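The lines below spell out each chain.
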Amino acid sequence: TGAVTLDGQPLDGAGVTFTPTGDTRGRGAVGRTGPDGRYSLAPPPGDVRIPAGSYKVTVSRYVMPDGSAFTPN
């Protein structure tokens, strides 16, 4: 679990991806932030846990050209 902020404010609706690096085994994990910026990671289907190790963390959030939230159909 954790929290993501941008400019000191919670970031809602962002994808959080943990990708294993180095000697870390496994397929990584993903999560999505809520209105408070908090997320919980979920292991990939079929995996029971997320191994301890080193990860590259990527946070992404789609927005419209005017900066408003992207809402998929």
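Everything below is about the structure shown above.
What this report covers is the structure whose coordinates are included nearby. Counting of residues starts from 1 at the beginning of each chain's written sequence and follows it residue by residue. Confidence filtering applies because this is a predicted model: local features only for residues at pLDDT of at least 70, side-chain atom pairs given and counted only at 80 or more, and all residues used for totals across whole chains, interfaces and linings. Hydrogens and water are ignored here; the side-chain numbers use all heavy atoms of the structure.

Some details on the overall build of the chain
Helix and strand labels come from DSSP, where a helix needs a run of H or I of at least four residues and a strand needs a run of E of at least two; each type is numbered from the N terminus. From N to C terminus, the chain includes zero helices and seven strands. Secondary structure elements of the chain, listed N to C terminal, follow the sequence β-β-β-β-β-β-β. Along the longest, intermediate and shortest principal axes, the C-alpha atoms of the chain span 40 × 30 × 20 Å. Residue exposure (1.4 Å probe, protein chains only): buried if accessible area is under 20% of the type maximum, exposed if over 50%, otherwise partly exposed. Expressed as a percentage of the 73 residues in the chain, the buried residues total 23%. In the chain, of all internal contacts separated by at least 6 residues, the share reaching a separation of at least 24 is 49%. Using the Shrake-Rupley algorithm and a 1.4 Å probe, accessible areas are obtained, with residue cover drawn only from the displayed protein chains. Element-wise, carbon and sulfur atoms account for 53% of the exposed surface of the chain, whose accessible area totals about 5400 Å². For the chain, the separation between the mean place of its 7 positive charges and that of its 6 negative charges on side chains is 9 Å. By definition, residues are in contact when any of their heavy atoms lie within 4.5 Å. His is not counted here, nor are the chain ends, while Lys and Arg score as positive and Asp and Glu score as negative. All charge positions are set by atom: Lys at NZ, Arg at CZ, Asp at CG, Glu at CD.

What to know about the side chain of threonine 24
Mapping threonine 24 onto the fold places it in the loop between strand E4 (15–20) and strand E5 (29–32). A polar atom in the side chain of threonine 24 sits 2.7 Å from the backbone nitrogen of serine 54. Pairs of N or O atoms are called polar contacts if they sit within 3.5 Å, as long as, within protein, a hydrogen donor faces a hydrogen acceptor (for residues adjacent in sequence, only side-chain-to-side-chain pairs).

Focus: unusual backbone geometry
Residues other than glycine seldom take positive phi values, yet aspartate 7 does so here, at roughly 55 degrees. For aspartate 7, the location among the structural elements is in the loop between strand E2 (5–6) and strand E3 (9–10). Classification of aspartate 7 by relative accessible area gives exposed; the value is 74%.

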